[in-house]
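Reading the structure
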Amino acid sequence: MTRPPGSSRTSGPARRPDTVTSDDVARRIAVLLPTGFPGLATYLIPSEQPLPPAGARVAVPFGPRLLTGLVVPGEPDPAPEGTVLREVLTVLDEEPFLSESFVGLLTRAADYYFAPPGELLRAAVPARLLAAGTAAYVPTSRAVGAHPPEGLTGAVLTEVLTSGRATALELGERLGSRGLGKAIRLLLDAGLVRIPSEELRAARPPTTRSFAARGSADDPRLARRPGQRKALATLAALGRPASGAELRAAGVSAGTLAALAKQSLVAVVEEERPADAAAHALPARATAPIEPTAAQRAAIDAVAEALERGGEARFLLDGVTGSGKTEVYLAALERAIALGRQGILLVPEIALAPGLIRRVVARFGSRVALLHSGLSDGERSAAWERGRRGEVDAVVGPRSAVFAPLPRLGLIVVDEAHESSYKQAEAPRYDSRTVARVRAHGEGAVLLLGTATPSMEDEQAARDGRLPRLVLPARPGSRERARVEVVDLRGEAARPGDHGRVLFAARTVELLRGAFERGEQAIVLLNRRGFSPALLCRSCGHDFRCASCSVARTYHRRGERLLCHYCGDFVPRPRACPSCGSEVLMPVGFGTERLAERFEELFPEVPYAVLDRDAAARRGGAVRVLADFESGAAQALLGTQMVAKGHDFPNATVLAVLDADALLSFPDFRSAERTFQLVTQAAGRVGRGERPGIVAVQTARPEHEAIAAAVAQDHASFAEGELRFRRAFGYPPFSHLLLALWTARELPEAEAAARAGRVAIAGLPKLRLLGPAPAPLERLKGLYRVQLLVRSDSREALAAAGELLRSLPEPPRLDRDPQSLL
Ligand code: ADP
Ligand code: ZN
Ligand code: ZN
């Protein structure tokens, strides 16, 4: 593990008199702690204790706190002269909790992404499973009649007996911490105290709490408590137990419920929660068994062979939209399971994959677990533990599921492998595709990257022969890919009041109308939520920028407010312009709210549903919207790029991309690639059933190569031109990138720090530096942002630059292999 120069590898900031100095190397262990500590910590194992195995959890003192960490294999680095090491308080696992290779995966990823290893630990492992360090000790039945031991050990036991339960921290406060660890260990070993197992394992099945009425609202105790009386009456009227959320919506507070429960007027009922997968899947439906096509069979066989051979292997499943990639994933998972292995299926976003989850559940039933951030920590740790104990065959989830603790991992599938959501935008900024590759290598597993629009990185790797390509060239049966038609906006007349902008071109309306008249469904994509991208003052041009982000706020008619899409801050829509007082404020441009309004005007008879971030955040979320569209309750699906991702709706035949140019003008070298991917993926949503599909692509730049290639649905020719551009300008895949970003309240401050950063690494070999320059998003959340883009052909040279930047007095935020340069 490499550490930033100057960071010591000691065990926390505080030096206490109870610590021990020792040069006994064999008794020192390296511990990975869930903190921002920039390296591994070193602790001592008392001589009477056996050394814990690598991957076991240990509870250790860290400053004034007690933390749970993982034992890292190998010798800890020698501690700097004079460092006082502290002792491990308790070894929590006799068997490794996680494998050596898993621990190694976390520390290697931390190194690679210049992140504190604890950040990766926290991203990977549910918090509950790392909370044992704060666990309380309770007396056992033996302790009650036991003859109390001498000295501190006896004092600890008495304290635990009298208080019923006490944490090590509490014991330390009362009795002092000198010798405390040893005393607790003696008591644990003698079976006089224990840590309640649920605190250690934290794997209770998830439950839901509900509340049931037991008394009557006429109870005399409530005579002066109108709130409680009303709450009880509400519950009684329901005639069934209700959840806390339901009651809160009815105006009953948690405090009121607690008060009622205390008087036994309300009973608290805990019930085991039904399987989580159901909530994230579309409603079940009967499907005929699928006979793989020859191309699918060849792909499945290639993966199966690699699985049987054992050891690491990688494949790019390059299959056009609707070619049946999912079938290949499922068959490959089946093969892995038949060989006694387990699999991970990564999806870009769980809420947008309910169709896929339905198919996975239909195939593997309760032997599959979902792991995602929508789970409570208790649910997540329960699912995690099922995986760790080998009780599931497969785990499905977004990027963090790459850390699913499967002991017999055989296959990692990455669906829609080109999606940038696989890279985490916040710290730790890991890319789960890279982690998956490292993990497959370390655990001898097969990595299968599936997509219709391979990233340029994967495309080049396939061309170089580093990533074998499995091709699904066509849709199964006689189904053709959708025909794509350019609708040139330049010849189109705008509606009065639309400032020259066109939302629906005449040809697009004609195509949509055709679909609705034939009883088919249509999808309309507009890549902007809210009503309009800006509210403009007609007299002076004031555009209501977010004060802390310097971008125009988006006008949302729902709630009548101006929302900053970058920081989430909003203000009520003003009546008049703050600069000139004019009351003529006009929404300019289009968002999904305005799209829905226009759609209703054009097609008043057609029931529609909207899918964007706002809709996904509402009750029922994306799954409900997608289920409505699948059932036909909605004949049209309107929304942002969320409507273009992976869905399989056989009755959808027409799709309109209203503003194909929106992404093109992004100041990012990947803007052409993103545009090509979006349009191609969108085109892939229609014509998946019996009837052919047609796609209208509205653009003012039909000759742009990304648009032209997407219209032709020709990935190879797009890649040809795009790779030439990347090579000429030295962008990935022909270089590796490191984005360093400095922020400050004042611009000159950020600029000075960035210039110092550039000077610091200017002498290093094999680097090309771009900047420093203000970031495209120059100001965000009140901070100015200045960035330096570091490029290199050599990963080692880039790593050296990162380490150096990280050790500066004003270290930048570092993003390795960035997916966004904003
Ligand atoms: P992709 O993920 O490549 O876009 P899907 O796996 O969603 O494609 O498959 C598209 C549609 O084709 C699905 O409705 C699926 O059931 C169907 N399908 C897949 N393979 C076959 C096959 N071999 N024969 C018939 N239909 C198939
Ligand atoms: Zn004005
Ligand atoms: Zn803002």
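The shown structure was predicted, so the numbers you read here are calculated from the model rather than taken from an experiment.

So, a positive patch on the surface
Among the surface-exposed residues, Arg-558, Arg-618, Arg-619 and Arg-624 lie close enough to one another that they form a single positively charged patch. Summarising the element assignment, Arg-618 is placed in the loop between helix 19 (613-617) and helix 20 (621-631). A relative accessible area of 35% means that Arg-618 is categorised as partly exposed.

With respect to helix 12 (residues 325-338)
Over its 14 residues, helix 12 extends 20 Å from the first C-alpha to the last, a length consistent with the 20 Å expected when each residue adds 1.5 Å. Buried residues dominate helix 12, accounting for 10 of its 14 residues. Within helix 12 the residues assigned to the buried category are Lys-325, Thr-326, Glu-327, Val-328, Tyr-329, Leu-330, Ala-331, Ala-332, Leu-333 and Ala-336.

Thoughts on the pairing of strand 2 (residues 41-44)
A regular strand places its side chains so that they alternate between the two faces of the sheet. Alternating positions in strand 2 separate into two faces, Ala-41 and Tyr-43 on one and Thr-42 and Leu-44 on the other, with burial throughout. Relative to strand 2, strand 1 (residues 28-32) is paired through 4 bridges, and the arrangement is antiparallel. Directly across from Val-31, in strand 2, lies its bridge partner Ala-41. By the bridge criterion, 2 bridges tie strand 2 to strand 5 (residues 86-87) in an arrangement that is parallel. Within the sheet, the bridge partner assigned to Leu-44 lies in strand 5 and is Glu-87.

Describing the coordination of the zinc ion (ligand 2)
Tetrahedral coordination by four donors sets the ideal angle at the metal to 109.5 degrees; octahedral coordination by six donors sets it to 90 or 180 degrees. Within the first shell, the zinc ion (ligand 2) binds the protein through Cys-537 (SG), Cys-540 (SG), Cys-577 (SG) and Cys-580 (SG), at distances of 2.2 to 2.4 Å. Seen from the zinc ion (ligand 2), its 4 donor atoms lie at angles of 102 to 116°, and the figure they make is tetrahedral. Sequence spacing of the donor residues for the zinc ion (ligand 2), all on one chain, is C-x2-C-x36-C-x2-C. Here the residue Cys-537 occupies a position in strand 22 (residues 534-537), and Cys-580 occupies one in the loop between strand 25 (570-572) and strand 26 (585-588), the gap between them amounting to 43 residues. For Cys-537, a relative accessible area of 3% puts it in the buried group.

Observations concerning the sheet that holds strand 27 (residues 608-611)
In a beta sheet, neighbouring strands are held together by backbone hydrogen bonds and run either parallel or antiparallel to one another. Judged by pairing direction, the sheet is parallel, and its 6 strands sit side by side in the order 20-30-29-21-28-27 without closing on themselves. Unpaired on one side and paired on the other, strand 20 (483-488) and strand 27 mark the two borders of the sheet. The sheet shows a mean angle of 15° between the axes of neighbouring strands, direction not considered. Sheet topology places strand 21 (residues 521-525) next to strand 28 (residues 636-639); 4 bridges connect them, and they run parallel. Paired with Val-524 across the two strands is Leu-638, which belongs to strand 28. In the packing of helix 18 (residues 592-602) onto the sheet, contacts are made with strand 21, strand 27 and strand 28, and the angle to strand 28 comes to roughly 150°.

Observations concerning the environment of Ala-505
Among the structural elements, Ala-505 can be located in the loop between strand 20 and helix 17 (506-517). By relative accessible area, which is 0% here, Ala-505 ends up buried. Residues Ala-505 and Ala-362, 143 residues apart in the sequence, show an inter-C-alpha distance of 42 Å. For Ala-505, the contacting residues outside a window of four places in its chain are Val-487, Leu-489, Glu-492 and Gln-698.

Points about the site of ligand 1
Around ligand 1, 17 residues are found, and the nearest of them are Glu-291, Gln-296, Gly-322, Lys-325 and Asp-648. Between ligand 1 and the protein, one listed contact pairs a nitrogen atom with a side-chain N or O atom of Gln-296 at 2.8 Å. With respect to ligand 1, the backbone of Ser-323 contributes an N or O atom lying 3.3 Å from an oxygen atom. Relative to its unbound accessible area of 560 Å², ligand 1 is 82% covered by the protein chains. For the shell around ligand 1, a count of residues per class yields 4 nonpolar, 7 polar and 6 charged.

Quick notes on the sheet that holds strand 23 (residues 554-556)
Read across the open sheet, the 3 strands follow the order 23-24-25; overall the sheet is antiparallel. The outermost strands of the open sheet, each flanked by one partner alone, are strand 23 and strand 25. Recorded for the sheet is a direction-independent mean angle of 25° between the axes of neighbouring strands. Taken together, the 3 bridges between strand 23 and strand 24 (residues 561-563) define a ladder with antiparallel strand orientation. Directly across from His-556, in strand 24, lies its bridge partner Arg-561.

A closer look at the packing of aromatic side chains
Summed over the entire model, instances satisfying the criterion amount to 15 aromatic pairs. Both rings, one in Tyr-112 and one in Tyr-113, keep their centres 4.8 Å apart while their planes meet at 80°; by these two values the pair is edge-to-face. Of the two residues, Tyr-112 and Tyr-113, neither departs from the other in class, the shared state being buried. Both rings, one in Phe-676 and one in Phe-718, keep their centres 4.4 Å apart while their planes meet at 0°; by these two values the pair is stacked. Note that Phe-676 is positioned in helix 21 (residues 671-683) and Phe-718 in helix 23 (residues 715-729), a separation of 42 residues in sequence. Given a relative accessible area of 3%, Phe-718 falls into the buried group. Pairwise contacts between aromatic rings join Phe-516, Phe-599, Phe-603 and Tyr-608 into one cluster. It is Arg-57 that lies over the ring of Phe-97; its NZ or CZ is 3.8 Å from the centre.

Some thoughts on helix 15 (residues 432-443)
The end-to-end C-alpha distance of helix 15 is 16 Å, a good match for the 16 Å that 12 residues give at a rise of 1.5 Å each. By the burial criterion, the buried members of helix 15 are Ser-432, Arg-433, Thr-434, Val-435, Ala-436, Arg-439, Ala-440 and Glu-443. In the core, the buried residues of helix 15 are packed alongside helix 1 (100-112), strand 14 (342-346), strand 17 (409-414) and strand 18 (446-451). Immediately downstream of helix 15, the backbone of Gly-444 shows phi near 65°, a positive value.

Criteria and cut-off values
- Residues numbered from 1 in each chain as written.
- Chains lettered and ligands numbered in written order.
- Predicted model: local features only at pLDDT ≥ 70, side-chain atom pairs only at ≥ 80, totals over all residues.
- Heavy atoms only, no water.
- Patch = residues over 30% accessible without salt bridge, like charges linked within 9 Å, V, L, I, M, F, W, Y side chains within 5 Å.
- Areas by Shrake-Rupley, 256 points an atom, 1.4 Å probe, with all protein chains shown as cover.
- Salt bridge = Lys/Arg side-chain N within 4 Å of Asp/Glu carboxyl O.
- Lys, Arg positive; Asp, Glu negative; His and termini not counted.
- Charge placed at Lys NZ, Arg CZ, Asp CG, Glu CD.
- Helix = DSSP H or I, 4+ residues; strand = E, 2+ residues; numbered from the N terminus.
- Buried < 20%, exposed > 50% of the residue type's maximum accessible area, 1.4 Å probe, protein only.
- Expected span 1.5 Å × (residues − 1).
- Pairing = 2+ DSSP bridges.
- Donors = N, O, S within 2.8 Å, 3.2 Å for Na, K, Ca; no water.
- Tetrahedral: all angles 85-135°; square planar, octahedral: opposite > 155°, others 65-115°.
- Axes fitted to C-alpha atoms, helices over the stretch in contact; angles between N-to-C directions.
- Contact = heavy atoms within 4.5 Å.
- Near = heavy atom within 4 Å.
- Polar contact = N/O pair within 3.5 Å; in protein donor to acceptor, adjacent residues only side chain to side chain.
- Nonpolar A, V, L, I, M, F, W, Y, C, P; charged D, E, K, R; others polar.
- Phe/Tyr/Trp six-rings, centres within 6.5 Å; stacked < 30°, edge-to-face > 60°.
- Lys NZ or Arg CZ within 6 Å of the ring centre and 35° of its normal.

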